[in-house]
Every structure is written in C-alpha cells, then in structure tokens.
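# Examining the three-dimensional arrangement
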Amino acid sequence: MSKDFKTYSWFKRYTKELSIRKTRTQDYRTNSVVALKNINDKYRLIEKSTTILDLGASPGGWSQYVLEVKKRTSSGTYKVVAIDKLQMESISGVYFINGDYTDCNFQTRLEVEMGMGLTIKSSKFNLILADVCSSASVPRARCVDKAGLESLLAFTSRFLSKKGKLLYRFFPQYREAISELFKYYFKFLIFERSETSRVGSSEMFVVCSS
Ligand SMILES: C[S@@+](CC[C@H](N)C(=O)[O-])C[C@H]1O[C@@H](n2cnc3c(N)ncnc32)[C@H](O)[C@@H]1O
C-alpha cells in the first residue's frame with residue numbers, strides 16, 4: 001500500500017470522525033441520529049414527506065431529528081407520529097402513541113386515531129422510519145427473526161401510502177432475509193451501510209419504495 005493511499009485513508013477517517021463528533025454535540029437523545037442524518041442527507045426522505053412515522057421511537061432521538069428537519073425545511077403542514085411499546089418523554093410537535101405495533105388491537109386503534117385525531121390529509125404515512133431492532137434482541141447466531149420481519153411488512157402494507165417509503169435499520173445478518181422477503185412488497189430496495197457514532201459499526205439501512 002502506498003504512503004499516499006495510507007495518508008488519504010487516515011484523512012478520510014479523521015474527517016468522518018469530526019463530522020460525527022459535530023452531530024453528536026447537538027442535543028439529541030441518541031447518537032444513532034448520526035446514521036439517520038447521513039442517510040437523509042443522501043436521499044432527502046424527510047424533506048420529501050409530510051406524514052412521517054417514527055416506528056420504535058423511544059427515547060426519541062430520531063423524532064427530534066425529523067422534527068428539526070421539518071421545521072427547518074417545510075413551509076406547509078406536516079405530521080410526525082412516534083410509536084413505541086416503551087414510554088417516551090414528550091417532544092412538542094411529535095404525536096406519541098404508546099403500544100406494540102405488531103398487535104392487531106393497537107393497529108385498529110392507530111387506524112382510528114389516524115382517521116380522527118391526527119388531522120392530516122392522508123390516512124396513511126408517506127414515510128416510515130423503522131428502528132425496532134435493539135442489539136439485545138439480535139441473535140448472535142445467523143438465524144433470522146423472519147416473524148419479526150413479516151410483522152413489520154404487514155404493518156407497512158397497512159399504514160404506508162402507495163408511493164410511500166420505508167427506511168429500515170437492521171443488522172447485517174438480516175440482509176439476505178430482507179432481500180428475499182421485502183422484494184414481494186417493494187419494487188426498489190437500496191441497501192446502505194450506516195455511518196454511526198461508532199466508526200466501523202455494522203448496522204445497515206434499507207430504503208424501500210414501490
Ligand atoms: C434502538 S431503539 C430506537 C431508538 C430511536 N430510533 C432513537 O433514536 O431514539 C428501538 C426501539 O424499538 C422499540 N420496539 C421494538 N419492538 C417494538 C414493537 N413491537 N412495538 C413498538 N416498539 C417496539 C423498543 O421499545 C425500542 O425503544
């Protein structure tokens with residue numbers, strides 16, 4: 001390896017760390033906002049959407065970031081909804097619903113709330129940001145929680161608008177299963193390695209659309 005190449009690699013890593021530190025110093029509840037920000041900078045998913053669901057939202061870092069982007073860039077109306085089975089400290093401007101999104105009764109309740117309480121034009125979301133995996137729930141072995149993926153897809157089919165997009169954060173051992181299952185629901189799948197606060201971290205994103 002040439003000296004120039006080594007120096008260039010070091011410089012790239014250094015500038016990446018700097019940009020991560022810069023984002024971290026802002027007042028978000030989680031560092032994974034860095035990963036969301038990097039993906040959003042590339043695809044402008046948040047800017048292009050008016051009804052956004054943060055699925056698996058607690059403690060609320062992504063919701064904070066979504067709201068910040070909308071406040072900065074949107075002149076029209078928009079709605080940010082957050083769902084989690086855990087409680088979440090409230091964020092002014094984010095409509096939080098506490099419950100398990102895989103539960104049928106919860107989905108019925110959500111449908112009713114969307115129709116009545118949310119005062120948004122669309123009864124469906126045009127962007128779902130799903131961050132429902134925690135490292136504790138991911139098996140170390142290569143087995144994949146297909147039921148979990150199917151629940152997510154069933155939920156998405158019900159609540160994502162026809163031209164809507166799903167952004168899903170996952171761990172690499174799911175990639176094959178995701179390609180296999182998601183292609184029945186979405187026409188386009190774009191896989192991205194996430195640049196998180198931990199450089200070299202193995203999380204990934206998939207951007208899904210029809
Ligand atoms: C990694 S955390 C999300 C962190 C969030 N993106 C942030 O930046 O603050 C994953 C969340 O998904 C939630 N979750 C997992 N399965 C869920 C389910 N079936 N229904 C609702 N929430 C769920 C967990 O309770 C957890 O709070």
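Residues numbered from 1 in each chain as written. Predicted model: local features only at pLDDT ≥ 70, side-chain atom pairs only at ≥ 80, totals over all residues.

### Let's talk about the sheet that holds strand 6 (residues 188-193)
Spatial ordering of the open sheet is given by 3-2-1-4-5-7-6, a layout of seven strands whose pairing is mixed. Each end of this open sheet is capped by a strand with a single partner; those strands are strand 3 (94-98) and strand 6. Within this sheet the neighbouring strands show an average axis-to-axis angle of 15 degrees, counted without direction. Here six bridges tie strand 6 to strand 7 (residues 204-209), and the two strands are oriented antiparallel to one another. Among the inter-strand pairings, F188 is bridged to a residue of strand 7, identified as S209. Sheet contacts for helix 5 (residues 146-159): strand 1 (51-55), strand 4 (125-130) and strand 5 (160-170); angle to strand 4, the most-contacted strand, approximately 160 degrees. (Pairing = 2+ DSSP bridges. Helix = DSSP H or I, 4+ residues; strand = E, 2+ residues; numbered from the N terminus. Axes fitted to C-alpha atoms, helices over the stretch in contact; angles between N-to-C directions. Contact = placed C-beta atoms within 7 Å.)

### Here's the deal with the environment of D84
By the secondary structure assignment, D84 is in strand 2 (residues 79-84). Look past the residues within four positions of D84 in its chain and what remains in contact with it is G56, A57, S58 and N98.

### Comments concerning the confidence of the model for the protein chain
When pLDDT is averaged along the protein chain, the result is 83; 76% of the residues meet or exceed 70. The least confident element of the protein chain, judged by mean pLDDT, is helix 1 (residues 3-24) at 52; the most confident is helix 3 (residues 61-73) at 97. Counting interchain partners and residues more than four positions distant, the pLDDT-below-50 stretch residues 139-143 has one contact. (pLDDT = per-residue confidence, 0-100.)

### Side note on the packing of helix 5 against helix 6 (residues 175-182)
Look at helix 5 against helix 6: their axes get within 11 Å of each other, and the N-to-C directions meet at 40 degrees. Classified by the angle their axes make, helix 5 and helix 6 are oblique. Once helix 5 is placed against helix 6, the crossing between them reads as right-handed. Here helix 5 contributes K146, L149, E150 and L153 to the contact with helix 6, which in turn contributes A177, I178, L181 and F182. Taken together, the residues that form the contact of helix 5 with helix 6 break down as six nonpolar, no polar and two charged. (Parallel < 35°, antiparallel > 145°, perpendicular 65-115°, else oblique. Left-handed = near helix turned anticlockwise from the far one by under 90°. Nonpolar A, V, L, I, M, F, W, Y, C, P; charged D, E, K, R; others polar.)

### A word on unusual backbone geometry
The omega torsion of the bond from S58 to P59 falls at 10 degrees, within 30 degrees of zero and hence cis. With respect to the element layout, P59 can be found in the loop between strand 1 and helix 3. With phi around 55 degrees, R44 is a residue other than glycine that occupies positive phi space. Positionally, R44 belongs in the loop between helix 2 (33-43) and strand 1.

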